[in-house]
Amino acid sequence: MREVDRVLLNTDAVAEVRRHTAQFAAERGRRPRVFVLTFGCQQNVADSEKLSGMACEMGYEVVTAPENAELILVNTCAIREHAEKRALSIVGQYKHLKEQNKGLIIGVCGCMVVQEHRREQLKKSYPYVDFVLGTSVLHRLPEILAKKLAQKRRIFGSEEENAIAEGVPICRESNYRAWVSIMYGCNNFCSYCIVPYVRGRERSRAPADVIAEVKELVAKGYKDITLLGQNVNSYGKGEAHGMDFADLLERLDAIEGDFILRFMTSHPKDATRKLVDVMAGGKHIAHHFHLPLQSGSDAILKQMNRHYDRAAYLDILDYMREKMPDLAVTSDIIVGFPGETDADFEDTLAMLQRARFDMIYSFIYSPRKGTPAAEMADQIPKEVSAKRFERLLALQEALSLAANEPLLHKTLRVLCDGASKTDTGMLSGRTEQNKIVFWPDDGTEAGAWVWVEIDRVAPFALYGNKVK
Ligand code: 5AD
Ligand code: SF4
């Protein structure tokens, strides 16, 4: 049964901060500004849209640069050491902003600060950081800000909770692509992963809340909606409503409108044939599946605590492809997990050849304090991991190109994202299969669907011309 509290935004705290921002506006002739910087995954992007949304509600104006902001919120990631180092280095750079503006409030939020040792480090070595706010208490931003505005003291308590906040305002970055969190946390404890420790136990939003949010987005004209969770296939587990992820997806697919539905991320041990059948029979569900494999060696998968082997993975993969021949499949791979032998790594390469992913996100294993893998014997030397990583990338590049070749001369439906960031004079967009497409700028607006005939394919992009 459901143990999780459904909490709402603290409106008294919002009103209190509002009084402060109104006074600021009266004195300064403008609203105070908030800058939100995001590290990490899509879940963090979605969380940051809530941080911005709450700040807006409290009277702040959202800006895109930290200079001249009155409030800076850094939403951090803890998945690999590199992400933490980058966040800490950026926070370090804000020291001089605080020196220029004593009234500046700096808050460090998200996964990194849930870890005791990082909170201590920020408290000791970053005296200009005013507060920390962990992932499960982001909806408490108004309370923390009200407290901070009323007193000088820094706020570094750990107040993690196992609740779901509904009704938190969201300031979305795009008006045609949207993220919808359907569940939070993770119970899987893969031995390398910090997520279960920093995002807490799995808890799902009520189906009615998710359905209402997606309906509202479709009504507003959103075209591409991604459902988010660390393991969406666990949606609804242990809840009284008895709806699993496939059921939820089916209900969302029934919503009328011109939109596509995506979801991330799936755990292979929980990806069901029922889900595949719903996808294959859906009207709106994108034929793209992100299914992290992590390793192609059964021995390593066991050490990773993944609860599937190569055979089980291929079984569900083959079923998906049988039901949806146009399906794009992407995956995550970790190289250099403790104890990974040359033979284990060759198994991973062999699995890539067999699985023929459209694309992979690949990572060199990064030990995370407090996880079982960090304590395992036989940590792999950096040079060995780096060499394996290079080989992995080279093989996948060839496989990605091969996966794109059948798309040559095809005409694909593309959701335009506006001007290309890399090629001037070109527009870019994404297909239902999430492939990036470039075509000459013809004035198409971001958020519009177009048809593009592909005349060149590369490993990670397609090129062509718009057809009328
Ligand atoms: N080191 C390297 N990669 C990791 N991932 C998770 N934890 C680690 C780690 N400690 C990768 C996994 C996961 C993706 C989001 O990040 O591949 O699927
Ligand atoms: Fe981490 Fe595994 Fe949970 Fe994914 S399923 S968030 S890799 S513990």
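You'll find the structure just up there.
Below: a short report on this structure.

The rules behind the values
- Residues numbered from 1 in each chain as written.
- Chains lettered and ligands numbered in written order.
- Predicted model: local features only at pLDDT ≥ 70, side-chain atom pairs only at ≥ 80, totals over all residues.
- Heavy atoms only, no water.
- Axes fitted to C-alpha atoms, helices over the stretch in contact; angles between N-to-C directions.
- Helix = DSSP H or I, 4+ residues; strand = E, 2+ residues; numbered from the N terminus.
- Left-handed = near helix turned anticlockwise from the far one by under 90°.
- Contact = heavy atoms within 4.5 Å.
- Nonpolar A, V, L, I, M, F, W, Y, C, P; charged D, E, K, R; others polar.
- Buried < 20%, exposed > 50% of the residue type's maximum accessible area, 1.4 Å probe, protein only.
- Pairing = 2+ DSSP bridges.
- Right-handed = clockwise from strand over helix to strand, strands pointing away.
- Near = heavy atom within 4 Å.
- Expected span 1.5 Å × (residues − 1).
- Phe/Tyr/Trp six-rings, centres within 6.5 Å; stacked < 30°, edge-to-face > 60°.
- Lys NZ or Arg CZ within 6 Å of the ring centre and 35° of its normal.
- Polar contact = N/O pair within 3.5 Å; in protein donor to acceptor, adjacent residues only side chain to side chain.
- Areas by Shrake-Rupley, 256 points an atom, 1.4 Å probe, with all protein chains shown as cover.
- Core = buried A, V, L, I, M, F, W, Y, C linked by side-chain atoms within 4.5 Å.

**What about the packing of helix α8 (residues 207-220) against helix α9 (residues 245-253)?**
Each pair of packed helices can be summarised by the angle the axes make with each other and by the distance between the axes.
Moving on, step 1. Here α8 crosses α9 at 30°, and the two axes come no closer than 10 Å. The crossing of α8 and α9 is right-handed. The segment α8 lies against α9, with Pro207, Val210, Ile211 and Val214 engaging Leu248, Arg251 and Leu252.
Moving on, step 2. Looking at the contact of α8 with α9 residue by residue, the class counts come to 6 nonpolar, no polar and 1 charged.

**Considering the pairing of strand β5 (residues 105-110)**
Moving on, step 1. Of all the 6 residues making up β5, 6 are buried; the element is thus mostly covered by neighbouring parts of the structure.
Moving on, step 2. As judged from the 3 bridges shared by β5 and strand β6 (residues 131-133), these two strands associate in the parallel manner. Counterpart to valine 108 in the pairing with β6 is valine 132.
Moving on, step 3. The β-α-β motif built from β5, the intervening helix α5 (residues 116-125) and the parallel element β6 has right-handed crossover chirality.

**Side note on the site of ligand 2**
Moving on, step 1. Surrounding ligand 2, one finds Cys186, Asn188, Phe189, Cys190, Tyr192, Cys193, Val195, Pro196, Gln230, His267 and Arg306.
Moving on, step 2. Split into classes, the residues belonging to the shell around ligand 2 amount to 7 nonpolar, 3 polar and 1 charged.

**Describing the sheet that holds β5**
Moving on, step 1. Pairing in this open sheet of 5 strands is parallel, and the strands run β3-β2-β4-β5-β6 from one edge to the other. The open sheet has two edge strands, β3 (61-63) and β6, and neither has a second partner. When strand polarity is set aside, the average angle formed by the axes of neighbouring strands in this sheet is 25°.
Moving on, step 2. As paired elements, strand β4 (residues 71-76) and β5 share 6 bridges and run parallel to each other. Within the sheet, the bridge partner assigned to valine 74 lies in β5 and is valine 108.
Moving on, step 3. The sheet contacts of helix α2 (residues 42-57) involve β2 (33-38), β3, β4 and β5, and relative to β2 the element is tilted by about 175°.

**Details of helix α14 (residues 382-404)**
Moving on, step 1. With 23 residues, α14 should cover 33 Å at 1.5 Å per step; its first-to-last C-alpha distance of 32 Å lies within 8% of that length.
Moving on, step 2. Elements that come into contact with the buried residues of α14 comprise β14 (328-335), α13 (342-355), β15 (359-364), β19 (449-458) and β20 (461-467).

**Here's the deal with the packing of aromatic side chains**
Moving on, step 1. For the structure shown, the criterion picks out 9 aromatic pairs.
Moving on, step 2. For the ring pair phenylalanine 438 and tyrosine 463, a centre distance of 5.4 Å and an interplane angle of 20° mean the geometry is stacked. Linking phenylalanine 438 in strand β18 (residues 436-440) with tyrosine 463 in strand β20, this pair joins segments that are 25 residues apart in sequence.
Moving on, step 3. We classify phenylalanine 438 as buried; its relative accessible area is 10%.
Moving on, step 4. Aromatic rings pair up to connect Tyr192, Phe337 and Tyr365 into one cluster.
Moving on, step 5. Arginine 273 extends its terminal NZ or CZ atom over the ring of tyrosine 319, reaching a point 4.1 Å from the ring centre.
Moving on, step 6. Above the ring of tyrosine 463, the side-chain terminus of arginine 456 is found at 4.0 Å from the ring centroid.

**A few points about the site of ligand 1**
Moving on, step 1. Looking at ligand 1, the residues that line it are Ile79, Arg80, Tyr192, Gln294, Asp332, Ile334, Phe363, Ile364, Tyr365, Ser366 and Arg368.
Moving on, step 2. Backbone polar atom of serine 366 to a nitrogen atom of ligand 1: 2.8 Å apart, as the coordinates give it.
Moving on, step 3. About the coverage of ligand 1: the protein hides 86% of its 400 Å² of free accessible area.
Moving on, step 4. Contributions of two or more residues to the shell around ligand 1 are made by β14 and β15.
Moving on, step 5. Here the residues of the shell around ligand 1 are counted per class, giving 6 nonpolar, 2 polar and 3 charged.

**Quick word on the sheet that holds strand β12 (residues 260-264)**
Moving on, step 1. Strand order in the open sheet formed by 3 strands is β8-β11-β12, with parallel pairing between adjacent strands. Of all strands in the sheet, those with a lone pairing partner are β8 (177-181) and β12, marking the two edges. On average, each strand axis in the sheet is tilted by 25° relative to the strand beside it, whichever way the strands run.
Moving on, step 2. Docked against the sheet, α8 engages β8 and β11 (224-228), running at close to 175° with respect to β8.
Moving on, step 3. Each of β11 and β12 touches α9; the most contacted strand, β12, lies at about 160° to it.

**Observations regarding the nonpolar core**
Moving on, step 1. Counting 68 residues, the largest nonpolar core has Ile182, Leu227, Phe245, Leu249 and Phe263 as the members making the most contacts within it.
Moving on, step 2. Of the residues forming this core, the biggest block, 6 residues, is contributed by helix α12 (residues 310-323).
Moving on, step 3. Residues within four places of isoleucine 182 in sequence aside, it is in contact with Ser204, Arg205, Val210, Leu227, Leu228, Val232, Tyr235, Phe245 and Leu248.
Moving on, step 4. If you look at the next biggest cluster of nonpolar residues, it comprises 25 residues, including Met54, Ala55, Tyr60 and Ile105.

**Describing the side chain of arginine 118**
Moving on, step 1. Topologically, arginine 118 is positioned in helix α5.
Moving on, step 2. Polar contacts involving the side chain of arginine 118 include one to the side chain of glutamine 121, which spans 2.8 Å.
Moving on, step 3. Not counting the four nearest positions on each side in its chain, arginine 118 is found in contact with Glu84, Leu88 and Met112.

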